[in-house]
2 protein chains.
Amino acid sequence: MPKETFYNLSEEKRKKVYDALLEEFSQYSYDSASINRIVKVAEISKGSIYQYFDDKIDMFKYLINAVFEKKIQYMTPVMLNPEGIDVFKLIREMYLTGIKFAQENPKLYLLAIRFMNDKEHPVYKEVMSENFGSADAIFGVFLKNAINRGEVKAEIDIEFVSHIISSLNVTLAEYFMEKNNSNNFDEMMELVDKLLDLIKNGIS
Amino acid sequence: MPKETFYNLSEEKRKKVYDALLEEFSQYSYDSASINRIVKVAEISKGSIYQYFDDKIDMFKYLINAVFEKKIQYMTPVMLNPEGIDVFKLIREMYLTGIKFAQENPKLYLLAIRFMNDKEHPVYKEVMSENFGSADAIFGVFLKNAINRGEVKAEIDIEFVSHIISSLNVTLAEYFMEKNNSNNFDEMMELVDKLLDLIKNGIS
DNA sequence: TAGTCATGCGACCACTTGGTCATATAGTAT
DNA sequence: ATACTATATGACCAAGTGGTCGCATGACTA
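Reading the values: rules and limits
- Residues numbered from 1 in each chain as written.
- Chains lettered and ligands numbered in written order.
- Predicted model: local features only at pLDDT ≥ 70, side-chain atom pairs only at ≥ 80, totals over all residues.
- Heavy atoms only, no water.
- Domains from an automatic or database assignment.
- Contact = heavy atoms within 4.5 Å.
- Buried area = accessible area lost by both parts, 1.4 Å probe.
- Salt bridge = Lys/Arg side-chain N within 4 Å of Asp/Glu carboxyl O.
- Polar contact = N/O pair within 3.5 Å; in protein donor to acceptor, adjacent residues only side chain to side chain.
- Helix = DSSP H or I, 4+ residues; strand = E, 2+ residues; numbered from the N terminus.
- Nonpolar A, V, L, I, M, F, W, Y, C, P; charged D, E, K, R; others polar.
- Core = buried A, V, L, I, M, F, W, Y, C linked by side-chain atoms within 4.5 Å.
- Buried < 20%, exposed > 50% of the residue type's maximum accessible area, 1.4 Å probe, protein only.

(A) A look at the domain arrangement of chain A. Residue and element names in this part refer to chain A. Assigned domains of chain A: these are domain 1 (4–63) and domain 2 (74–201). Placing the centre of domain 1 and that of domain 2 at their C-alpha centroids yields a distance of 30 Å. Between domain 1 and domain 2, the residue contacts involve 14 residues of the former and 11 residues of the latter. Interface area for domain 1 against domain 2, summed over the two sides, is near 1,100 Å², with a carbon-plus-sulfur share of 66%. Viewed at the interface, domain 2 and domain 1 are joined by 2 salt bridges. Measuring nitrogen to oxygen at the nearest pair gives 3.0 Å for the salt bridge that ties Lys61 to Glu126. Applying the counting criterion to the domain 1 and domain 2 interface returns 5 residue pairs in polar contact (both at pLDDT 80 or more). Mapped by element, the contributors of at least two residues to the side of domain 1 that touches domain 2 are helix 2 (11–27) and helix 5 (56–73). For the side of domain 1 that touches domain 2, the element with the highest residue contribution is helix 2, accounting for 6 residues. Partitioning the side of domain 1 that touches domain 2 into residue classes produces 8 nonpolar, 3 polar and 3 charged.

Printed below as a string of structure tokens:
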């Protein structure tokens, strides 16, 4: 985590450093990211950035943390207190949240995607050892409840379906970000509902 | 593509170089891959590898090509001549093929995943400009036929569903590779069928 | 034996990497 | 004015990067 010197900076300067970090790490993988480029963009000297952060991984952790913090801000009441809520309503909220986050924080989103895509990287392992479990788990709990309530058929493989639903979340956000023409809110809702219908009823 | 000197090598030596390339590029991204490490593993000199390849990207293209070639070998008769075949049968074949390829060629698979995950990388753009279109398209065609035959309901968004089905292919292979305990063929078939049932009928 | 040719080799090149450190500067408190 | 503290700086470091090149080696030919 950043040293106190970083937080002593004027907000303006601090934001400039933050933006430079985000710009670099959203565009390049951890290994390929260059501190020389960062300090050039931030318009500070090489020595200065090491007054704010211990080292490269410290800078990276700071950004990953920003992703988590920002993502939490997007959580809706339903997601925070989901007892007895219809699973499909919950999944819809999750999907909408995922898309909105990506659209409104494209660089944090890119960084997160890049980060999640290389789970074998030592940096991933180190950073995630300090963080919580996967997103699959939460879907698992809700699926189980939904089965008890009869909303979902009992034969499904909960672990597997959780994983599918969770990864579709990412797929969906990626789909939106790729065809950037659709900043359209209605179109977004429509697609989310199409995917929900697929999960609910299939295509047959 | 490799120079003729590469093909003049004894098969043993050529394989050693190929293995070293694959080892490196399956473990590291294009930028992070190191030619020094490659020549060390292949037990040849730095100068030698530049007798076989023009440059780094040439080495990489050679491997990407190997992925495509190998993948084609896995194509089944049904996939090559899919006229009038049940969509779900086709999807099953595609999924099984994807998993088998990943299990039997884990390093090629890793390389391919890494490669596909960074579509913004200049190397991706260059390499893919010489290759064919996405996998989504093929599903689109078959979905359309399936709708005409009444196997699939007409309301679906073909482009979107194609994308989903196509990306589930990757998700499924990843799922298998992560929990490496399941080299079990029956378990594999079972999971594929579970996913097919989800796509067909949903979980409700 | 001498000449030719394909290949092997590793020192070397210019450049970038993450990180350090002695020094300079500025602001504050006495 | 003086002393102290916090911060800013960029030359510098060792190590690594992709790539080159002159020379060595060895096989085949004349």
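On we go.
(B) Looking closely at the nonpolar core. Formed by 64 residues in total, the largest nonpolar core has its most connected members in Tyr95(A), Ile203(A), Tyr95(B) and Ile203(B). Among the elements of the structure, helix 7 (87–104), helix 10 (136–148), helix 11 (158–178) and helix 12 (185–201) of chain A together with helix 7 (87–104), helix 10 (136–148), helix 11 (158–178) and helix 12 (185–201) of chain B are those that each provide at least two residues to this core. Apart from the residues within four sequence positions on either side, Ile203(A) is in contact with Leu198(A), Phe88(B), Leu143(B), Val152(B), Lys153(B), Ile156(B), Val161(B), Ile165(B), Ile199(B) and Lys200(B). Ranked by size, the runner-up nonpolar core spans 40 residues in total, among them Leu22(A), Tyr30(A), Ala33(A) and Ile57(A).

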